[in-house]
Each structure stands twice: as C-alpha cells, then as structure tokens.
Amino acid sequence: MAVSKLDPVGEAMCPYRLVLEHVTSRWGVLVLIHLLDRPHRFSELRRAIGRVSEKMLTQTLQTLERDGLVHRNAQPVIPPRVDYSLTGLGREAAEQVRGLALWTQQRMDDVEQARTAYDEARAAQTRAS
C-alpha cells in the first residue's frame, strides 16, 4: 500500500506509524545502521553509537526486537553473553534508513544554505516590522 493512499488520521495508520517511529527514532536509526555491518554485543553497540544511555539503548533494542527487526541471542555462558543482530526484516529496514542517512550526509551543504537563507529572511522580516 502506498503511503499517499493511507488515511493519516485513520486507525489503520496507527500500527504503521508506530513501526515508522521505532525505525526512524533517534536511537533506532543508529542501532539499525550499526547492526548492518555485523552483530554487536550490548557494550560494543553502546560505544559505537555514543551518547546513548544504557536505559535508552535497552528500550530501543527491545522495541526493535518486538517489531521483528532485531534478534537477541543470549548465550548461557559465564559471564553472560548477549549478541544483537538484524533479522531479514531488520536488514531491509536498515538498508532503507542507511540510504536516507547517506542522502542527508551528501546534501548537508544544501540544507545549511537553505537554513541560512531562511534565517536571513526571517531576520529581515523582523527588522522591517
């Protein structure tokens, strides 16, 4: 179903919106992109992402696992070892998100120019009023 055909206020949109929020959340994007390379242990993932609290990373991983995007492999060893990897569905989502992230990176100069033009126009408007 094409996004444009969805009723933005209809109940059918709610599950779609929730998954979209999970995939495109601040930490969800970074988790998915990092797991594209290889499975990570929790501490490795936290270091790779940076500036994410243990609580937020745990919640993000649990949410993505519940949505079927991340696989949690807990090994019964001492000390406990837990690896996180992408499922097939998660790999598809991560590739899409990575494409958007790469586009953002490539077009950042254009975004900065647009922001500058906007800010200058707003400042000129404020001075004129």
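Owing to the predicted nature of the structure, the values given are computational and were not obtained by experimental measurement.

Student: Would you mind going over the nonpolar core with me for this structure?
Tutor: One broad rule of soluble globular proteins: the nonpolar side chains tend to lie buried together. Ranked by size, the top nonpolar core spans 21 residues in total, and within it Val31, Leu57 and Leu61 carry the most contacts. Sorting the residues of this core by element identifies helix 2 (26-37), helix 3 (42-49), helix 4 (54-66), strand 3 (81-86) and helix 5 (88-106) as the ones contributing at least two each. With five residues, helix 2 is the largest single contributor of residues to this core. Once residues lying within four places of it in the same chain are set aside, the contact partners of Leu61 are Val31, Phe42, Leu45, Val70 and Tyr84.

Student: Mind showing me how you'd approach the sheet that holds strand 3 here?
Tutor: Strand pairing in a sheet takes place through backbone hydrogen bonds and is either antiparallel or parallel in direction. Strand order in this open sheet of three strands is 1-3-2, and the pairing throughout is antiparallel. A single partner strand is all that each edge strand has here, and the edge strands are strand 1 (40-41) and strand 2 (70-75). Sheet analysis places strand 2 next to strand 3, joined by six bridges and oriented antiparallel. Paired with Gln75 across the bridge in strand 3 is Arg81.

Student: Got a minute to help me understand the side chain of Thr60 in this structure?
Tutor: Along the chain, Thr60 turns up in helix 4. Not counting the four nearest positions on each side in its chain, Thr60 is found in contact with Trp27, Gly28 and Val31.

Parameters and conventions
Residues numbered from 1 in each chain as written. Predicted model: local features only at pLDDT ≥ 70, side-chain atom pairs only at ≥ 80, totals over all residues. Heavy atoms only, no water. Core = buried A, V, L, I, M, F, W, Y, C linked by side-chain atoms within 4.5 Å. Buried < 20%, exposed > 50% of the residue type's maximum accessible area, 1.4 Å probe, protein only. Helix = DSSP H or I, 4+ residues; strand = E, 2+ residues; numbered from the N terminus. Contact = heavy atoms within 4.5 Å. Pairing = 2+ DSSP bridges.

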